[in-house]
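Listed below are the residues making up each chain.
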Amino acid sequence: MAVALAIQPGLFVDAAPVQADLAPVAEREESAVTPVALSDVPARITEMIPSNPLKAGMDQNMMQVVVFAILIGVALVSLPGQRQRSLLELLGSVQEITMVVVRWAMLLAPFAVFGLLAQITTRLGLDALLGMGLYVLTVVLGPALVIYRLFTGGSVRFFMRAARDAQLLAFSTSSSAAVMPLTMQTAEARLGVSQATARFVIPLGTTINMAGTALYQMVATLFLAQVFGVDIGLAGLLLIVFLAVGASIGSPGTPGIGIVILAMLLGTVGIPAAGIALIIGVDRILDMCRTMINVTGDLVAATVLDRKVEASIGAEPEGAS
Ligand code: ASP
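All of these numbers come straight from a predicted model, not from anything done at the bench.

## Re the site of the ligand
And then number 1: Taken together, the neighbourhood of the ligand is formed by 15 residues, with Ser-176, Thr-213, Gly-258, Asp-287 and Arg-290 sitting nearest.
And then number 2: Ser-174 places a polar main-chain atom, nitrogen or oxygen, 2.9 Å from a nitrogen atom of the ligand.
And then number 3: For the ligand, an oxygen atom lies 3.3 Å from a polar atom in the backbone of Gly-253.
And then number 4: The protein chains hide 100% of the 270 Å² of surface that the ligand would expose on its own.
And then number 5: Breaking the shell around the ligand down by element, the ones donating at least two residues are helix H13 (257-266) and helix H15 (283-320).
And then number 6: Partitioned by chemical class, the residues of the shell around the ligand number 3 nonpolar, 10 polar and 2 charged.

## A few points about the pattern of salt bridges
And then number 1: Considering all chains together, one arrives at 6 salt bridges under this definition.
And then number 2: In this structure, Asp-283 and Arg-290 form a salt bridge, with 3.1 Å as the shortest nitrogen-oxygen distance.
And then number 3: According to the relative accessible area criterion, Arg-290 is buried, its value standing at 2%.
And then number 4: Here Arg-290 makes a salt bridge to Asp-287, at a shortest N to O gap of 3.5 Å. Separated by 3 residues within a single helix, Arg-290 and Asp-287 lie in helix H15, roughly one turn from each other. Across this residue pair, the class does not change: Arg-290 and Asp-287 are buried.
And then number 5: Sharing partners across several salt bridges, the network here consists of Asp-283, Asp-287 and Arg-290.

## Focus on helix H11 (residues 211-228)
And then number 1: For H11, built from 18 residues, the straight-helix expectation of 26 Å at 1.5 Å per residue is met to within 8% by its first-to-last C-alpha distance of 26 Å.
And then number 2: Here H11 lies mainly inside the structure; 17 of its 18 residues are buried.
And then number 3: Of the residues trailing H11, Gly-229 is marked for its positive phi of about 65°.

## Regarding the nonpolar core
And then number 1: Grouped together as the largest cluster of nonpolar side chains are 36 residues, with contacts concentrated most on Tyr-216, Leu-224, Ile-232, Leu-262, Ile-271 and Ile-279.
And then number 2: Broken down by secondary-structure element, the contributors of at least two residues to this core are H11, helix H12 (233-250), H13 and helix H14 (276-279).
And then number 3: If you tally residues by element for this core, the top one is H11, at 11 residues.
And then number 4: In this structure, Ala-162, Ala-170, Leu-191 and Ile-202 belong to the second largest nonpolar core, which totals 17 residues.

## So, the side chain of Asp-306
And then number 1: Turning to its location among the elements, Asp-306 is positioned in helix H15.
And then number 2: Polar contacts involving the side chain of Asp-306 include one to the side chain of Ser-194, which spans 3.0 Å.
And then number 3: Those residues in contact with Asp-306 that sit more than four places away from it in its chain are Gly-192, Val-193, Ser-194 and Thr-197.

## Side note on the environment of Ala-170
And then number 1: Checked against the element boundaries, Ala-170 lands in helix H8 (residues 156-173).
And then number 2: Assessed through its relative accessible area of 0%, Ala-170 is described here as buried.
And then number 3: The sequence separation of Ala-170 and Met-180 amounts to 10 residues, and the corresponding C-alpha distance is 9.2 Å.
And then number 4: The contact partners of Ala-170, leaving out residues within four places of it in the chain, are Ser-175, Val-179, Met-288, Thr-291, Met-292 and Val-295.

## Topic: the confidence of the model for the protein chain
And then number 1: The pLDDT averaged across the protein chain works out to 77; a share of 75% of its residues lies at or above 70.
And then number 2: In this model, residues 28-33 is a region of pLDDT below 50 whose contacts with residues beyond four sequence positions or in other chains number 7 contacts.

## As for a nonpolar patch on the surface
And then number 1: There is a patch of nonpolar side chains on the surface, built from Phe-200, Leu-204, Ile-208, Val-241, Val-245, Ile-249, Leu-305, Val-309 and Ile-313 and spanning about 720 Å² of accessible area.
And then number 2: Sorting the residues of the nonpolar patch by element identifies helix H10 (195-208), H12 and H15 as the ones contributing at least two each.

## As for unusual backbone geometry
And then number 1: A positive phi angle, close to 55°, is found at Ser-174, a residue other than glycine.
And then number 2: Take Ser-174: it is sitting in the loop between H8 and helix H9 (176-190).
And then number 3: Overall, Ser-174 belongs to the buried group, its relative accessible area being 1%.

Reading the values: rules and limits
Residues numbered from 1 in each chain as written. Predicted model: local features only at pLDDT ≥ 70, side-chain atom pairs only at ≥ 80, totals over all residues. Heavy atoms only, no water. Near = heavy atom within 4 Å. Polar contact = N/O pair within 3.5 Å; in protein donor to acceptor, adjacent residues only side chain to side chain. Areas by Shrake-Rupley, 256 points an atom, 1.4 Å probe, with all protein chains shown as cover. Helix = DSSP H or I, 4+ residues; strand = E, 2+ residues; numbered from the N terminus. Nonpolar A, V, L, I, M, F, W, Y, C, P; charged D, E, K, R; others polar. Salt bridge = Lys/Arg side-chain N within 4 Å of Asp/Glu carboxyl O. Buried < 20%, exposed > 50% of the residue type's maximum accessible area, 1.4 Å probe, protein only. Expected span 1.5 Å × (residues − 1). Core = buried A, V, L, I, M, F, W, Y, C linked by side-chain atoms within 4.5 Å. Contact = heavy atoms within 4.5 Å. pLDDT = per-residue confidence, 0-100. Patch = residues over 30% accessible without salt bridge, like charges linked within 9 Å, V, L, I, M, F, W, Y side chains within 5 Å.

Pasting the structure below:
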């Protein structure tokens, strides 16, 4: 957020043609475009608890779906094994079918991205590309700084060399779920994480730890706020942090999902979701970068947790004696 506020990439895109271009779509969404006041924050948080889960699904209200899924998940694990099995098997099949359909849809993505990028360039000119370039830089720079900070003091080189294969595969597939087996292998064989920790942290991290996606959603929201001249204020900024982290937990590790969820978040802070049209052209590149960050984050979490567990096990007998 600090990087996005410092660079202000949105100011490098000439807002007038963008707004004119997106006006017909944005007008339809006008009711959603209301800036958030600090006093609204508690109400926005209570709104996340669904009174009708089916309606939440129909309205694509991602936060309500996430809260509902957490409740069902907690209830499910509290049941005896026999009772859980049939629902888990059904949900497993539903997930696999969804992944197949998403993979089919993603076959079209390169052509769609080419078309969108060509359309934006011809309509808005090369200046828009400069602004978009800065936006890409801002998204990539944020995670890079975070990773750097996480590793100062540790052996960054060793980690990066060990994690390289998983990161490269994440970069090229844009799917942390697809990379999961290699992430697990990297953690165990190259980073020396114990099997127990790796097999617990990596699958959990692949599902809920989406640091790159959350960072991206935050930068993208600020970028679009700057383009559309929306003053989201302190309350809006806090809400974005909260929503981006929450929504990234609900994002599956598949290509392009971050921007779909972003579209649902924008209205909450008063930005027209039509702005997605502006950033979708460069989304594939950002998806590759954020997936790499997501996978790196899982490896960092597994390594840190394993060292901590090791240290506490090592310290135990001493303390006991
Ligand atoms: N592609 C990302 C992942 O698999 C999710 C996203 O679109 O942000 O981790």
